[in-house]
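In case you want the letters, here they are:
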Amino acid sequence: MAKLTFGRLTEAWKGEAADFTPLLAAQLDSLGNAIGVDLTALGESEVATTGGRRIDIVAQVEDGSEFVIENQYGRADHDHLTRGLAYAVARRARGLVVVAEEHRDEFRAVAQYLNELAELDSERGIAVWLVEAKAVRIENSAWAPLFTAVVEPNQFTATVEKAKQSETVTLEEFFDQFDVADLRQAAEALVGKWQAAGYRRRLGPKHVVLEASGPSAGGIRTVVAVFNDGHVLVPFSAYAGLNSGIPIESLTTPEFRDAADQLFGFNGTEKQARTVPGWLTPERVNPLLTFCSQVADAYKAALAQGPST
């Protein structure tokens, strides 16, 4: 069995502001999984506030609601909690997430108190999550963050899940969201050919995720996501094992990334890379399918190989 190693955040990312905050802002899907909220929009980091202070990250969900995120190494202190809460109140944010390696008992009590108030007044209350973070890796693989919610608003989470279920669309309704005929034609052809090849797809309110069997807790991994404005999200961080803890080596080579950059127009640095809107044209359907099949084949090979020893 491969050895799983846990470490401090400073072992993996030396600088809190210089390294960890940008990483978190670009890879919010992992944090979103931990708190049960689909943080699909890329986070805006180092957001200026009144008084010359800055909020680490402001993220958005599909409906445009804001989530304020404060992160720090070591044990959480008063400054991050109060600064994040003040900004969340001023912006009428939907939630505040404080990420640290450890949370004090008194802060947990404050967060639980605020969550109880939020349940009594859902219009003005702000949901609070306290999340503890560790660095984790398998053998000598790259470090990945592991998030665990230690305080969360139970009623809020249930409400979010209910809202997500009510927003579920049919495939036809998803295609109807395309304003441009060529974009719709391309999306229909892409999804149709993907399913005809025996692969899975998963619908969100404004996007469709192409999936394939691969090494993960649920046995399914994301290939790409296609949005209703014709842009495509390519989760290089997921290929590298950010969410699963299991990197796919063939999808992390310079050769693979160079070919992907040439296809999608990326610059080689993005982790959760998004094309420009309207990228998915009928002419690009087959090249995109070739790319997706390559990812699916790599997942299949890694699944057949099993865990390294």
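Located above this text is the structure these notes cover.
Cut-offs and rules
Residues numbered from 1 in each chain as written. Predicted model: local features only at pLDDT ≥ 70, side-chain atom pairs only at ≥ 80, totals over all residues. Heavy atoms only, no water. Helix = DSSP H or I, 4+ residues; strand = E, 2+ residues; numbered from the N terminus. Buried < 20%, exposed > 50% of the residue type's maximum accessible area, 1.4 Å probe, protein only. Contact = heavy atoms within 4.5 Å. Axes fitted to C-alpha atoms, helices over the stretch in contact; angles between N-to-C directions. Left-handed = near helix turned anticlockwise from the far one by under 90°. Nonpolar A, V, L, I, M, F, W, Y, C, P; charged D, E, K, R; others polar. Pairing = 2+ DSSP bridges. Phe/Tyr/Trp six-rings, centres within 6.5 Å; stacked < 30°, edge-to-face > 60°. Parallel < 35°, antiparallel > 145°, perpendicular 65-115°, else oblique. Salt bridge = Lys/Arg side-chain N within 4 Å of Asp/Glu carboxyl O. Expected span 1.5 Å × (residues − 1).

Asker: Describe the overall build of the protein, and please don't skip the residues or the numbers.
Answerer: Assigned secondary structure in the protein consists of 11 helices and 12 strands. Buried positions account for 45% of the 309 residues belonging to the protein. Of all intrachain contacts in the protein linking residues separated by at least 6 positions in sequence, the fraction that spans at least 24 positions is 61%.

Asker: Let's hear about the packing of helix H8 (residues 181-196) against helix H11 (residues 285-305): which residues, and what values?
Answerer: Between H8 and H11, the shortest axis-to-axis distance is 10 Å and the interhelical angle comes to 35°. The chirality of how H8 crosses H11 is right-handed. On the side of H8, the interface is formed by Ala186, Ala189, Leu190, Lys193 and Trp194, while H11 contributes Val285, Asn286, Leu288, Leu289, Cys292, Ser293 and Ala296. Among the residues making up the contact of H8 with H11, the classes are represented as 9 nonpolar, 2 polar and 1 charged.

Asker: Lay out the pairing of strand E10 (residues 220-227) with the relevant residues and their values.
Answerer: In terms of burial, E10 is a largely internal element, 6 of the 8 residues being buried. Summarising the sheet, strand E9 (residues 207-213) and E10 pair through 7 bridges and their orientation is antiparallel. Its bridge partner lying in E10, Ser213 is registered against Ile220. Summarising the sheet, E10 and strand E11 (residues 232-235) pair through 2 bridges and their orientation is antiparallel. Looking at E11, one finds that Ala225 is bridged to Leu233. Taking the residues between adjacent antiparallel strands as the criterion, E10 and E11 are bridged by 4 residues, where Gly230 takes a positive phi near 85°.

Asker: Summarise the packing of aromatic side chains; cite the residues concerned and give the values.
Answerer: Given two aromatic rings, one states the distance between the centres and the angle between the planes to describe the pair. Taken as a whole and judged by the stated rule, the model has 15 aromatic pairs. Here the aromatic rings of Phe236 and Phe266 are separated by 6.0 Å at their centres, their planes lie at 85°, and the arrangement is edge-to-face. With a gap of 30 residues between them, Phe236 in helix H9 (residues 236-239) and Phe266 in the loop between helix H10 (254-264) and strand E12 (272-274) connect regions that are remote in the sequence. This pair shows no difference in class: Phe236 is buried, exactly as Phe266 is.

Asker: Give me the lowdown on the environment of Val180, citing residues and values where you can.
Answerer: Tracing the backbone shows Val180 in the loop between helix H7 (171-176) and H8. Along the chain, Val180 and Gly230 lie 50 residues apart, while their C-alpha atoms are 9.1 Å from each other.

Asker: I'd like to hear about the pairing of strand E7 (residues 144-151), residue by residue, with values.
Answerer: Looking at chain direction, strand E6 (residues 127-138) and E7 are connected through 7 bridges and run antiparallel. In the strand pairing of E7, Glu132 is matched with Thr148.

Asker: Would you mind going over the packing of H10 against H11 in detail, with residue names and values included?
Answerer: Across the interface, H10 lies against H11 with an axial gap of 11 Å and an inter-helix angle of 155°. Classified by the interaxial angle, the pair formed by H10 and H11 is roughly antiparallel. Regarding H10 and H11, the two cross each other, and that crossing is left-handed. Facing Phe256, Ala260, Leu263 and Phe264 of H10, the residues of H11 in contact are Pro287, Leu288, Phe291, Gln294 and Val295. Residues belonging to the contact of H10 with H11 are distributed by class as follows: 8 nonpolar, 1 polar and no charged.

Asker: I'd love a proper account of the pattern of salt bridges, names of residues and values included.
Answerer: This model, assessed by the stated rule, comprises 11 salt bridges. Between Asp261 and Arg257 there is a salt bridge, and its shortest N-O distance comes to 2.7 Å. Of this pair, Asp261 and Arg257 both sit in helix H10, 4 residues apart, roughly one helical turn. There is no split in this pair, since Asp261 and Arg257 are both buried. Sharing partners across several salt bridges, the network here consists of Glu172, Asp176, Arg184 and Glu188.

Asker: Outline H8, listing residues and values.
Answerer: For H8, which comprises 16 residues, the first-to-last C-alpha distance of 22 Å matches the rise-based estimate of 22 Å (1.5 Å per residue) to within 8%. For H8, the secondary structure elements touched by its buried residues are H7, strand E8 (200-203), E9, E10 and H11. Phi turns positive one or two residues past the end of H8, at Gly198, with a value near 95°.

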